[in-house]
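Next come the chains, spelled out residue by residue.
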Amino acid sequence: AKAIRMAELELAGQYKHSEHDKFFTYFDWRKFSEDEWLLCPPVVAMGGDGAMYDIGFQNLSRALMSGTPIKIMVLDTQVYSNTGGQACTSSFVSQVADMSPYGKVWKGKREIRKEMGIIGMAHRTSFVLQGSISNITHLLEGYIDGLNSRRPALFNIYAVCQPEHGVPDNASSSRSKLAVESRAYPIFKYNPDAGTTFEECLDIEGNPALEQDWPTYPLKYKDENGKDQTLEVPMTFADFAMAEGRFRKHFRKAPVDTWNENMVQIHEFLDLSSEDRSGKLPYLWAVDSKNHLSRVLVAEELVRSCDERRQFWHQLKGLAGKLNRVDVNAIIAQTQAEMAQKLTQSLLAMATSGTIGNVATIPAAAPVTSTAEAGSGLPDWEPAWVDSPKCTTCDECLQIAPKVFQYNAEKQSMVVDPKGSTYRDIVRAAEKCTASCIHPGTPWDPNEKDVEKLLKRAAKYQ
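What you see is a predicted model, and the numbers here were worked out from it, not measured in a lab.

### Observations concerning the nonpolar core
Consideration 1: With 46 residues, the main nonpolar core has F237, F251 and L302 as its most contacted residues.
Consideration 2: Among the nonpolar cores identified, the runner-up in size contains 18 residues, and A384, A401, Y407 and I438 belong to it.

As structure tokens, this is what we get:
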């Protein structure tokens, strides 16, 4: 870069020794133009949690504080995988491993987990990504943003270690997904260039059910008559842990004839005070080999682990400014969007059934408009909408903008809050949609960065 700049000045006859000699003497990467910076090959160091959380932690911390744009990827397996699977500071409470054995008194790891992502944020110098292969969009976009940042970057990535976690060799993706959904491993991005406060810089979008302690999922089973049934249950940390060998000793199936009123579902048990928990037995719903409902009792150590994971989720939400806040405008917008969505679906259904004329003759997706800010030069605001019957349930929009898009009763996407994310995320969701059924509308915030470019990208999906 230095040589090219000097050559360009010489060729233009503009090189002045009095002005340029000193400049080029101290010329370094900090003075690169954006184009020069993006041509630089990134330097990425990789290591496991043993190397980065523990024995090499002081060096990791020093690298983050240096301001030098070295990028560091941590493969967070929660064990010392290379040396036999010992517990380490990234292990979960109650995890059973070498150096955290299970016995009469000591029943797995007692220390809470070190949160390297939060420690990385505390340096205040570095881009931080905590990610998982279960959310590829979040992972790759965060990784690219970190590489392009002129800051140090820390990529803390959930990494399944099959033999030490006690899961099948082909389970990396499914276990990573459950780790995110159960609050075992929340994903987030921290960009110190996004603002001043943690609330401005920290983005926890991409986690499911942000407003809840635990997301829910449908548990399908057969009743005593052999009929298919569905039970909606929370996805707690205990549900995640039940399918892994490292936590297996903390669970015990309860025979049906032992079921009694003192048994309490784990998510309800966690909400009880210590006094009210006395005499109660926490359990999970599961299905047996015949797909019948069964109750699995949860040990006290695993309950502590659930408490700890929920506490961390609250702490993370607090840093991101997501606690105890009611957005009245968002509620109004969500109600309007739901009404428009239902109207659209009703019109489409009528058109398809022949109740009214050809579908092309009706305004199937005519959104409600409002006036944009005066003088913005942008079109009136048109909320995003989804042609729901075309949805293929690919999950892309829910991963990119979960506050904007949710599934309806037919497991097809719909808009629940057209102002729930940036216009950029809405356009990205439209671009990622495999069915091309998302229509981004126009920006609700006329001051959003690069809004005119985003309108051009959105045009093909309107």
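### A look at the sheet that holds strand β11 (residues 251–254)
Consideration 1: Reading across the sheet, the four strands line up as β11-β14-β13-β12 and stay open at both edges, with mixed pairing between neighbours. Looking along the sheet, the strands with just one partner apiece sit at the ends: β11 and β12 (263–265). On average, each strand axis in the sheet is tilted by 45 degrees relative to the strand beside it, whichever way the strands run.
Consideration 2: Relative to strand β14 (residues 293–298), strand β13 (residues 281–287) runs antiparallel, the two sharing five bridges.

### Some points on the side chain of S91
Consideration 1: Its location among the elements puts S91 in the loop between β4 (86–87) and α6 (116–123).
Consideration 2: Each residue touching S91, except ones within four places of it in the same chain, is listed here: Q78, V79, K109 and R113.

### Thoughts on the packing of aromatic side chains
Consideration 1: All chains considered together, the criterion is met by 14 aromatic pairs.
Consideration 2: For the ring pair Y15 and F24, a centre distance of 6.2 Å and an interplane angle of 10 degrees mean the geometry is stacked.
Consideration 3: Within the aromatic cluster, the residues linked to one another by ring pairs are Y15, F23, F24, F27 and F32.
Consideration 4: When the ring centre of W106 is taken as reference, the NZ or CZ atom of R110 above it lies at 4.2 Å.
Consideration 5: Cation over ring: R295 sits above W259, and NZ or CZ is 4.4 Å from the ring centre.

Rules and cut-offs
- Residues numbered from 1 in each chain as written.
- Predicted model: local features only at pLDDT ≥ 70, side-chain atom pairs only at ≥ 80, totals over all residues.
- Heavy atoms only, no water.
- Core = buried A, V, L, I, M, F, W, Y, C linked by side-chain atoms within 4.5 Å.
- Buried < 20%, exposed > 50% of the residue type's maximum accessible area, 1.4 Å probe, protein only.
- Pairing = 2+ DSSP bridges.
- Helix = DSSP H or I, 4+ residues; strand = E, 2+ residues; numbered from the N terminus.
- Axes fitted to C-alpha atoms, helices over the stretch in contact; angles between N-to-C directions.
- Contact = heavy atoms within 4.5 Å.
- Phe/Tyr/Trp six-rings, centres within 6.5 Å; stacked < 30°, edge-to-face > 60°.
- Lys NZ or Arg CZ within 6 Å of the ring centre and 35° of its normal.

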